[in-house]
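Remarks on the overall topology
As a plain string of letters, each chain reads:
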Amino acid sequence: EASSDNCRRLGDSSNSDLLPEYQLLASLLDHGNYDPKVPPFTAHDQPLKIQVGLQMTKIQLDIISGEVDFSFWLRLKWFDHRLSFNGSHELGPWWNASQDYLQTGFIGDADSARIWVPDISCMNALSPENVRGEGAWIYDVAHSNLTGAAQQYNVFYS
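Residues numbered from 1 in each chain as written. Predicted model: local features only at pLDDT ≥ 70, side-chain atom pairs only at ≥ 80, totals over all residues. Heavy atoms only, no water.

1. Considerations on the packing of aromatic side chains
The final tally for this structure, using the stated rule, is seven aromatic pairs. Summarising the aromatic geometry, the rings of Trp94 and Trp95 are spaced 5.9 Å apart at their centres and angled 65 degrees between planes, so their arrangement reads as edge-to-face. Judged by relative accessible area, which is 4%, Trp95 ranks as buried. Between Tyr139 and Tyr153, the aromatic rings sit 6.0 Å apart at their centres with planes inclined by 90 degrees, giving edge-to-face as the arrangement. With Tyr139 in the loop between strand 4 (136-138) and helix 4 (143-147) and Tyr153 in the loop between helix 4 and strand 5 (155-157), this residue pair connects regions lying 14 residues apart in the sequence. Taking the relative accessible area as the measure of exposure, Tyr139 reaches 12% and is therefore buried. Judged by relative accessible area, Tyr153 falls into the buried class, the value being 8%. Taken together, the ring pairs connect Tyr101, Trp137, Tyr139, Tyr153 and Phe156 into an aromatic cluster. Positioned above the aromatic ring of Tyr34, the side-chain terminus of Arg82 is 4.1 Å from the ring centre. (Phe/Tyr/Trp six-rings, centres within 6.5 Å; stacked < 30°, edge-to-face > 60°. Buried < 20%, exposed > 50% of the residue type's maximum accessible area, 1.4 Å probe, protein only. Helix = DSSP H or I, 4+ residues; strand = E, 2+ residues; numbered from the N terminus. Lys NZ or Arg CZ within 6 Å of the ring centre and 35° of its normal.)

See the structure below:
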């Protein structure tokens with residue numbers, strides 16, 4: 001039996017088609033009504049709430065060239081009803097909703113673009129090739145309640 005730690009990360013992508021997590025994520029994305037170009041809708045046409053976090057890791061100033069180099073983590077969280085699932089029901093009793101997630105990055109590079117992500121870009125970047133996302137973590141419906149999150153979310157993008 002696989003440990004929850006290995007399943008959470010989906011392991012080696014060459015074996016990921018054998019894992020139930022991969023199959024679940026593929027079914028959520030390939031269900032037919034998921035379009036990554038369309039943002040999730042909300043009840044009563046309310047604006048979609050997106051939590052934004054920024055953690056600076058490095059600031060470097062070159063006073064001769066007048067350039068500033070920032071390194072930071074940008075973290076986004078939102079609720080996408082189209083990606084809702086119940087991990088215990090879909091994957092079994094080993095699923096731990098407070099820790100386990102489905103991760104798009106291990107399915108393949110193209111699959112990170114298969115989910116809707118807010119259009120955020122870095123303006124005036126000297127090296128736009130260094131601006132990149134790591135992928136999305138998709139949590140089940142019980143995650144926000146178990147972790148005490150102030151706002152419900154099921155997608156975490158970094």
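So, next bit.
2. Concerning the confidence of the model for the protein chain
Mean pLDDT over the protein chain stands at 77; residues scoring 70 or higher make up 73%. Taken together, the stretch residues 1-17 has pLDDT below 50 and engages in 24 contacts with residues farther than four places along the chain or on a different chain. (pLDDT = per-residue confidence, 0-100. Contact = heavy atoms within 4.5 Å.)

3. Here's the deal with the sheet that holds strand 5
Within the open sheet, the five strands sit side by side as 1-2-5-4-3. Their pairing is antiparallel. Since the sheet does not close on itself, it has two edges, and those belong to strand 1 (51-62) and strand 3 (102-103), each with one partner. Both strand 4 and strand 5 contribute to a ladder of three bridges, which runs antiparallel. Across the sheet, the residue bridging to Ala136 is Tyr157, located in strand 5. (Pairing = 2+ DSSP bridges.)

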